[in-house]
Structure formats: C-alpha cells, structure tokens
Amino acid sequence: MDEQPRLMHSHTGVGMAGHPGLPQHMQEGTGGTDGDGRKQDIGDILQQIMTITDQSLDEAQARKHALNCHRMKPALFNVLCEIKEKTVLSIRGAQEEEPPDPQLMRLDNMLLAEGVSGPEKGGGSAAAAAAAAASGGVGADNSAEHSDYRAKLSQIRQIYHTELEKYEQACNEFTTHVMNLLREQSRTRPISPKEIERMVNIIHRKFSSIQMQLKQSTCEAVMILRSRFLDARRKRRNFNKQATEILNEYFYSHLSNPYPSEEAKEELAKKCAITVAQVSNWFGNKRIRYKKNIGKFQEEANMYAARTAVNAANASSHGSQANSPSTPNSAGETGSPWLCSRGRRVSLHDPLNVLVK
DNA sequence: CTAGATGATTGGAG
DNA sequence: CTCCAATCATCTAG
C-alpha cells in the first residue's frame, strides 16, 4: 500500500515532536560547492515537496524516490529536525489524557447489568429472571414470553458483539495502516514514537466514539424490550378457559362469602397456573363487577350453581334434585354480608335493589 | 372498527 | 396489609 501524499502533508501539519531516533549526521552539503548551487538545490527540493501533492500517485512515488536519493536530503532532514525541536515544546501539553467518559461508563454498566456485554449465557437469563420478578412474580404460564424475551435479548447481544468486533477489527486495520504510513514517512520527515502514539490515540478515540453510538443504540433497544416485557398491562392475556372456570366455580360456590383465604388462593393459583396476586386481582374484579350488575351475572351464577350441585349430587350417589338451584338467586340465598356498600347492607333476595346504587 | 369483557394498576379507607 | 372503586390498556367477538 502506498501512502497518499495528501495524507502525509496533513500529518506534517498535525503532529510535531522531537525525533531522537533519526539519523542526525549531516553531510554538510558536498564540500566545496558554492552557495548559489546549494540554494538552487534546496529551492528545487522544496519546490518538489510543495508540489508533490498535485501529482499523480505514480509520479509522486517516483518523485519521492528521487527526493530520498537527493544529495541534499540529509541536510534538509536535519533542518526539519531542528524546526521540530523548536516547535515541540509549544505543542506538548496541548493534549494528554482525558478522564474516562462518565456517559460511556454508564452505558457499559448498563450493558453489563442487562447481560449484553457480560458473560455469554448466565447474564441474559439472570436479567430476564430479574425482569420477570420485577413484573410481579410470574408463574409458568408466561414462560413463553420469558423465552421470547430471552431470545430477543440474545439477538441484541449477538448483533452487539458482531458490530463491536467489526469496529475493533476496522480500528486495528486502520491503526496498522497509519503506523505503516508513518513509518514510511519517517524516512522523509522526523517522526517521534510519541507522535505515533498520539496518532494511535486519536484513531482510537474516533473509533470508540463510534462504539459509543453502538452501545447507546444497544441500550435503547434493551430498554424498549425490557419495558415491553415489564409492562404487564401492555401484554395482558386472558386466562385460559379452564382457569376461569375454576375461579368462577369457587366464586359462585362461595357466593355468600367470596373471599378465599390465603391457602385457598394458593390452591386456586396452583390449579389455574397463575399467581396468587392474579387470583386476588380476579376475585377483586369479580366481586366488584358482580355486585355492580348482579343481573348480568345471573345466568352465569345459575350455571355454576347447577354444576356444583350436580357434582355434589354425583358425589353423594343419590340423584336427589331437591336442592338443585335452578332458580335465580339460589346461590346467594343466605344473604350476602359482603354486598354492602358504604356500610349499607343489601339483601340479595331482591337483586334489583342492589342495582340502584 | 367498535363495544364490551377482562386483567392490572392506582389511590383511598380501614 | 387487604379490600373497594375507579380507571387504564388490551383482548375479543361481532
């Protein structure tokens, strides 16, 4: 690969530092030549250097070679070294290290916490588990979403790592390229290791700013995924039919006091494959909605009452239909102390009374 | 698309 | 803490 003259030119402007390692010997011209001839030579060389960027690559290459072999080259090189020596002080201290970017650290921490940049497998599932726990103790019933979350997260992680690797590789390639370039240039101009180091730093800074963008967008993606997963309301699923039946069965067979104990709730939760909290929610909703509109639930009440009656009848072997609750209200005939609103007791015997509210 | 159903959340009362 | 009541946000049958 050949260096581009243009690039070399700009580097000459950017980086300047002392150059102890380069040959300092000076041939002091060619001995006895007159001053005019030397001036002429120097003028030629400078002219060639100034115009080298305007030439084609091949031309420039040839010209460069010619310059390298020029008898005045060592002298010119020495002059450059001197100039550099003088200017280096003013440049030093202009840069030097900057503190680690707090935002970058924040992003890194977050990616680590989310299991994106951490260890391969454990991190992801840990984060998913944490998310699941935060969403309010999830049962086995949404394990599908669980794995969905995990799959998406690992997808993000994979993209992240691929991109990161790509950037790193590009960065290394570019750094090598620039190093070669500088090494090549060091034949014609003084370049110190410090200068090279600074160049490398600049490159790394540029690339790490690109990496930061990658990290930022990865964080965003994770946040979106997470919030979707965590917001249970957003992904509300109706309970399956069987679960609803079990809950309704309990509700209507305990219509006079539809407040399952903690143990009962746990039992129901287990049977329905939902959480205790969901059972509580369900009963809370059911009670209030039943109370609000008993008429609407009458049919349902009768159905479940009949079913439990049949079950009871089957269990007791005698098919006595005497107490089959085929008429409305029969389920709540004992009166319902829970159906009292604002301290006022309401009798269930006349459901319409309740509807006044 | 819409109305009603339904699970979850919130704020207040006890 | 539990429960109620209102409300939100989504699901679903039509």
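Above this text you will find the structure in question.
Keep in mind the model is a prediction, meaning the values are calculated, not measured.

## Some remarks on the overall build of chain A
Then step 1. Secondary structure assignment for chain A yields 13 helices and zero strands.
Then step 2. Counting from the amino terminus, chain A carries its helices and strands in the arrangement α-α-α-α-α-α-α-α-α-α-α-α-α.
Then step 3. A separation threshold of at least 6 residues defines the contact pool for chain A, and within that pool the share at least 24 residues apart is 76%.
Then step 4. When the accessible surface of chain A is split by element, carbon and sulfur atoms take 54% of a total near 22,400 Å².

## Considering helix 12 (residues 294–315)
Then step 1. Between its first and last C-alpha atoms helix 12 spans 29 Å; for 22 residues at 1.5 Å apiece the expected length is 32 Å, and the two agree.
Then step 2. A bend of about 30° at E300 is the largest found in helix 12.
Then step 3. For helix 12, every residue scored as buried is listed here: I294, F297, Q298, A301, N302, Y304, A305, A309 and A313.

## Regarding the packing of aromatic side chains
Any two aromatic rings considered together are summarised by their centre-to-centre distance and by the angle between their planes.
Then step 1. Using the criterion set out here, one finds 10 aromatic pairs in the structure.
Then step 2. Ring centres of F251 and W282 lie 6.2 Å apart, and the angle between their planes is 85°; this geometry places the pair in the edge-to-face category. Here F251 is found in helix 9 (residues 241–253), whereas its partner W282 is found in helix 11 (residues 276–292), with 31 residues between them in sequence.
Then step 3. For W282, a relative accessible area of 13% corresponds to the buried category.
Then step 4. Between F251 and F283 the ring centres are 6.3 Å apart and the planes differ by 45°, which places this aromatic pair in the tilted class. You can see F251 sitting in helix 9 and its partner F283 sitting in helix 11, a full 32 residues away along the chain.

## Topic: the protein's contact with DNA strand B
Then step 1. Around DNA strand B, 11 residues are found, and the nearest of them are R236, Q278, N281, N285 and R289.
Then step 2. Each atom of DNA strand B within 4 Å of the protein was classed as base or backbone; sugar and phosphate made up 52%.
Then step 3. Interatomic distance of 2.8 Å between a side-chain N/O atom of R236 and a base oxygen of DNA strand B.
Then step 4. In the model, a phosphate oxygen of DNA strand B is placed 2.5 Å from a nitrogen or oxygen of the Q278 side chain.
Then step 5. Examining the composition of the surface near DNA strand B, we find that five residues originate from one element, helix 11, more than from any other.

## A few points about helix 9
In an α-helix, one turn spans 3.6 residues, which is why side chains three or four residues apart end up on the same side.
Then step 1. A rise of 1.5 Å per residue sets the reference length of helix 9, with its 13 residues, at 18 Å; its end C-alpha atoms lie 18 Å apart and thus fit the reference within 8%.
Then step 2. The inward-facing, buried residues of helix 9 contact helix 10 (262–272), helix 11 and helix 12.

## Here's the deal with unusual backbone geometry
Then step 1. For A273, which is not glycine, the phi dihedral falls at a positive 60°.
Then step 2. Take A273: it is sitting in the loop between helix 10 and helix 11.

## A look at the packing of helix 9 against helix 10
When two helices pack together, you describe them by how their axes are tilted relative to each other and by the distance separating the axes.
Then step 1. With their axes 9 Å apart at the nearest point, helix 9 and helix 10 run at an angle of 155° to one another. In terms of orientation, helix 9 lies roughly antiparallel with respect to helix 10. Every pair of crossing elements has a handedness; the one defined by helix 9 and helix 10 is right-handed. Of helix 10, the residues touching helix 9 (which contributes A243, I246, L247 and Y250) are A264, L268, K271 and C272.

Criteria and thresholds
- Residues numbered from 1 in each chain as written.
- Chains lettered and ligands numbered in written order.
- Predicted model: local features only at pLDDT ≥ 70, side-chain atom pairs only at ≥ 80, totals over all residues.
- Heavy atoms only, no water.
- Helix = DSSP H or I, 4+ residues; strand = E, 2+ residues; numbered from the N terminus.
- Contact = heavy atoms within 4.5 Å.
- Areas by Shrake-Rupley, 256 points an atom, 1.4 Å probe, with all protein chains shown as cover.
- Expected span 1.5 Å × (residues − 1).
- Bend = angle between axes of the 7 residues up to and from the residue.
- Buried < 20%, exposed > 50% of the residue type's maximum accessible area, 1.4 Å probe, protein only.
- Phe/Tyr/Trp six-rings, centres within 6.5 Å; stacked < 30°, edge-to-face > 60°.
- Near = heavy atom within 4 Å.
- Polar contact = N/O pair within 3.5 Å; in protein donor to acceptor, adjacent residues only side chain to side chain.
- Axes fitted to C-alpha atoms, helices over the stretch in contact; angles between N-to-C directions.
- Parallel < 35°, antiparallel > 145°, perpendicular 65-115°, else oblique.
- Left-handed = near helix turned anticlockwise from the far one by under 90°.

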